[in-house]
Amino acid sequence: MFLNRDDETKPTKIILFTSETKEFYYELRYVALEGLFKCHSCLKLKKHVGAKLYKKKNGEEYLMHLENEHVCEPKKYDALNFEKPKTVPKSMFELYQSAKGVANKRMVIFTSEMKDLIYEYSLTGNLYCCLECTKLKKYVTAKLMGENEDKYLELSKTEHVCKPKKYNPKNFKK
Ligand SMILES: [Zn+2]
Ligand SMILES: [Zn+2]
């Protein structure tokens with residue numbers, strides 16, 4: 001399984017399962033200088049363990065392992081850690097002033113196109129946190145990404161433990 005393969009900004013990684021059951025894996029990162037994928041955990045232990053990617057004539061790719069054995073422990077695989085973050089398009093959230101009048105401190109995310117129910121967020125650092133969930137000691141966050149018209153949100157994987165509220169635009173100021 002490949003990660004970040006089409007992402008120029010991040011190194012390509014290979015998730016290498018230790019068995020068919022896909023319970024454990026090693027993570028190999030591409031080292032461009034050497035043209036090799038290397039196990040980062042082993043590298044930390046000063047061992048060069050990795051593989052080289054080859055392509056057959058029919059286009060099929062395969063890995064040839066280097067001779068060294070892993071000295072690191074394989075990691076437990078949890079598909080959740082590899083899912084792409086959920087995103088929210090610009091049409092489904094609004095930014096507002098805080099009670100003290102600071103712009104963009106408040107945010108509401110609509111639960112549906114009907115825009116009758118919302119989760120309310122407040123900016124802390126560079127993350128918006130769901131207010132009701134925070135009270136319940138759950139940190140459900142959203143990060144504002146992109147510029148101007150291309151703005152969108154990336155949501156944390158934590159699910160809301162709060163219930164969405166009725167949206168009343170009168171309660172919010174731009
Ligand atoms: Zn390793
Ligand atoms: Zn919440």
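Each remark here, short or long, concerns the structure printed above.
Residues numbered from 1 in each chain as written. Chains lettered and ligands numbered in written order. Predicted model: local features only at pLDDT ≥ 70, side-chain atom pairs only at ≥ 80, totals over all residues. Heavy atoms only, no water.

(A) Representation of empty space enclosed by the protein. Scanning the model with the defined rule gives one cavity of 30 Å³ or more in all. Put simply, the largest cavity is a space of about 30 Å³. In terms of lining residues, the largest cavity is bounded by Tyr25, Tyr26, Glu27, Cys39, Ser41, Cys72, Glu73, Pro74 and Lys75. If one sorts the elements of the lining of the largest cavity by residue count, strand 3 (residues 24–31) sits on top with three residues. (1 Å grid on protein atoms, 1.4 Å probe; cavity = no way out; pocket = protein on both sides within 12 Å on 5 of 7 lines; lining within 4 Å. Points joined across faces, edges and corners; volume = space filled by probe spheres on them. Helix = DSSP H or I, 4+ residues; strand = E, 2+ residues; numbered from the N terminus.)

(B) How the structure looks around the pairing of strand 14 (residues 152–155). Strand direction decides the pairing type here: strand 8 (residues 87–89) and strand 14, joined by three bridges, are antiparallel. The residue of strand 14 that forms the bridge with Val88 is Leu153. Across four bridges, the pairing between strand 13 (residues 141–145) and strand 14 is antiparallel. Across the sheet, Met145 pairs through a bridge with Tyr152, a residue of strand 14. Hairpin remark: strand 13 followed by strand 14, antiparallel, with six residues in the connecting loop; positive phi at Gly146, about 75 degrees. (Pairing = 2+ DSSP bridges.)

(C) Up close: the coordination of the zinc ion (ligand 1). Ligation of the zinc ion (ligand 1) by protein atoms is provided by Cys39 (SG), Cys42 (SG), His70 (ND1) and Cys72 (SG), these donors lying 2.0 to 2.3 Å from the ion. If you look at the zinc ion (ligand 1), its four donor atoms make angles of 103 to 115 degrees with each other, and the shape they trace is tetrahedral. Every donor residue of the zinc ion (ligand 1) comes from the same chain, spaced as C-x2-C-x27-H-x1-C. Taken together, the positions of Cys42 in helix 1 (residues 40–44) and Cys72 in the loop between strand 6 (61–65) and strand 7 (75–76) put the pair 30 residues apart, joining distant regions of the chain. Judged by its relative accessible area of 0%, Cys42 falls in the buried class. Here Cys72 falls in the buried class, since its relative accessible area comes to 10%. (Donors = N, O, S within 2.8 Å, 3.2 Å for Na, K, Ca; no water. Tetrahedral: all angles 85-135°; square planar, octahedral: opposite > 155°, others 65-115°. Buried < 20%, exposed > 50% of the residue type's maximum accessible area, 1.4 Å probe, protein only.)

(D) Examining the coordination of the zinc ion (ligand 2) more closely. Summarising the metal site, the zinc ion (ligand 2) is bound by the protein donors Cys130 (SG), Cys133 (SG), His160 (ND1) and Cys162 (SG), whose distances to it range over 2.0 to 2.3 Å. Coordination geometry of the zinc ion (ligand 2): the four donor atoms subtend angles of 104 to 115 degrees at the metal centre, consistent with an arrangement described as tetrahedral. Each donor residue of the zinc ion (ligand 2) belongs to the same chain, with the gaps between them written as C-x2-C-x26-H-x1-C. Of this pair, Cys130 sits in strand 12 (residues 127–130) while His160 is found in the loop between strand 14 and strand 15 (165–166), placing the two residues 30 residues apart along the sequence. With relative accessibility at 23%, the residue His160 sits in the partly exposed group.

(E) Structural detail: the layout of surface pockets. By volume, the second largest pocket is sized at about 310 Å³. Lys86, Leu155, Ser156, Thr158 and Glu159 are the residues nearest the centre of the second largest pocket, which is lined by 18 residues in total. Looking at the lining of the second largest pocket, its residues break down into nine nonpolar, four polar and five charged. (Nonpolar A, V, L, I, M, F, W, Y, C, P; charged D, E, K, R; others polar.)

(F) Here's a closer look at the environment of Ile118. Inspection of the secondary structure puts Ile118 in strand 11 (residues 117–124). Residues Ile118 and Lys166, 48 residues apart in the sequence, show an inter-C-alpha distance of 6.3 Å. Those residues within four positions of Ile118 in sequence are excluded, and the remaining contacts are Val108, Ile109, Phe110, Thr111, Pro164, Lys165, Lys166, Tyr167 and Phe172. (Contact = heavy atoms within 4.5 Å.)

(G) Geometry of the pairing of strand 3. In this structure, strand 2 (residues 13–17) lies alongside strand 3, joined through five bridges in antiparallel fashion. Its bridge partner lying in strand 3, Ile15 is registered against Glu27. From the end of strand 2 to the start of strand 3, which pair antiparallel, there are six residues, and Lys22 there has a positive phi angle of about 55 degrees. Here two bridges tie strand 3 to strand 7, and the two strands are oriented antiparallel to one another. The partner of Phe24 across the bridge, within strand 7, is Lys76. The sheet contact formed by strand 3 and strand 4 (residues 36–39) spans four bridges and is antiparallel. Across the sheet, Arg29 pairs through a bridge with Lys38, a residue of strand 4. Hairpin remark: strand 3 followed by strand 4, antiparallel, with four residues in the connecting loop; positive phi at Gly35, about 65 degrees.

In short, geometric facts, not functional conclusions.
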